[in-house]
Amino acid sequence: MDYLHFFSPVRISRGQGHPVEEVDSVAEAMVFLRKWPTGRRGPVYQCALNCCSAAMSGQMSAEEARKAFTGFARITRLLDDDMALPVHGETMASVYALRR
């Protein structure tokens, strides 16, 4: 299961007064997504869930699932500000495209 660890963790911030949570594997992302409120599950949530499921079954890499989960965290405004910077291989244009 080591191959399901992310190259770098996704840092989740629920706001001031709450500790920053680090999600560092596909399995942890799945746990987080399964706890997400049913009424707030939209297409971005479904995409992240599908990508994590695909990674768990070996149909997608952990890094591809990480990108989908990071996009979900960004859209839901849970992504820690430090995570807004591009990761290896990403450009600032791709970061800004996800923010739109």
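What counts and what doesn't
Residues numbered from 1 in each chain as written. Predicted model: local features only at pLDDT ≥ 70, side-chain atom pairs only at ≥ 80, totals over all residues. Heavy atoms only, no water. Axes fitted to C-alpha atoms, helices over the stretch in contact; angles between N-to-C directions. Helix = DSSP H or I, 4+ residues; strand = E, 2+ residues; numbered from the N terminus. Left-handed = near helix turned anticlockwise from the far one by under 90°. Contact = heavy atoms within 4.5 Å. Nonpolar A, V, L, I, M, F, W, Y, C, P; charged D, E, K, R; others polar. pLDDT = per-residue confidence, 0-100. Core = buried A, V, L, I, M, F, W, Y, C linked by side-chain atoms within 4.5 Å. Buried < 20%, exposed > 50% of the residue type's maximum accessible area, 1.4 Å probe, protein only. Salt bridge = Lys/Arg side-chain N within 4 Å of Asp/Glu carboxyl O.

J.: Help me understand the packing of helix α1 (residues 26–35) against helix α2 (residues 43–56) in this model?
T.: Helix packing geometry: the angle between the two helix axes and the distance between the axes. Two elements in contact, α1 and α2, have axes whose closest approach is 10 Å; the angle formed by their N-to-C orientations is 145°. Considering only the axes of α1 and α2, their crossing is left-handed. Residue-level contacts link Val26, Ala27, Ala29, Met30, Leu33 and Arg34 of α1 to Tyr45, Ala48, Leu49, Cys52, Ser53, Ala55 and Met56 of α2. Residue composition of the contact of α1 with α2, grouped by class: 11 nonpolar, one polar and one charged.

J.: Explain the confidence of the model for the protein chain to me, please; I cannot follow it from the model alone.
T.: Parts of the prediction with low pLDDT should not have their coordinates interpreted in detail. For the protein chain, the mean per-residue pLDDT works out to 86, and 78% of the residues sit at or above 70. Here helix α4 (residues 92–99) is the element of the protein chain with the lowest mean pLDDT, 47, and α2 is the one with the highest, 98.

J.: Would you explain the nonpolar core in this entry?
T.: General note: in soluble globular proteins, nonpolar side chains tend to be found buried as a group. Grouped together as the largest cluster of nonpolar side chains are 23 residues, with contacts concentrated most on Ile12, Val26, Leu33, Phe69 and Phe72. Apart from the residues lying within four places of it in its own chain, the contact partners of Phe69 are Val10, Ile12, Val23, Ala29, Phe32, Leu33 and Ala48.

J.: Help me understand the pattern of salt bridges in this model?
T.: Opposite charge on two side chains lets them pair, provided their charged atoms get close. The full count for this structure, using the stated rule, is three salt bridges. Between Arg11 and Glu22 there is a salt bridge, with its nearest N and O atoms 3.1 Å apart. Of this pair, Arg11 sits in strand β1 (residues 5–12) while Glu22 sits in strand β2 (residues 21–25); the two residues are 11 residues apart in sequence, bridging distant segments of the chain. By relative accessible area, Arg11 is classed as partly exposed at 23%. The residue Arg11 makes a salt bridge to Asp80 at a minimum N-O spacing of 3.1 Å. Placement of the pair is Arg11 in strand β1 and Asp80 in the loop between α3 (62–75) and α4, with a sequence separation of 69 residues. By sharing partners, the salt bridges in this structure join Arg11, Glu22 and Asp80 into a single network.

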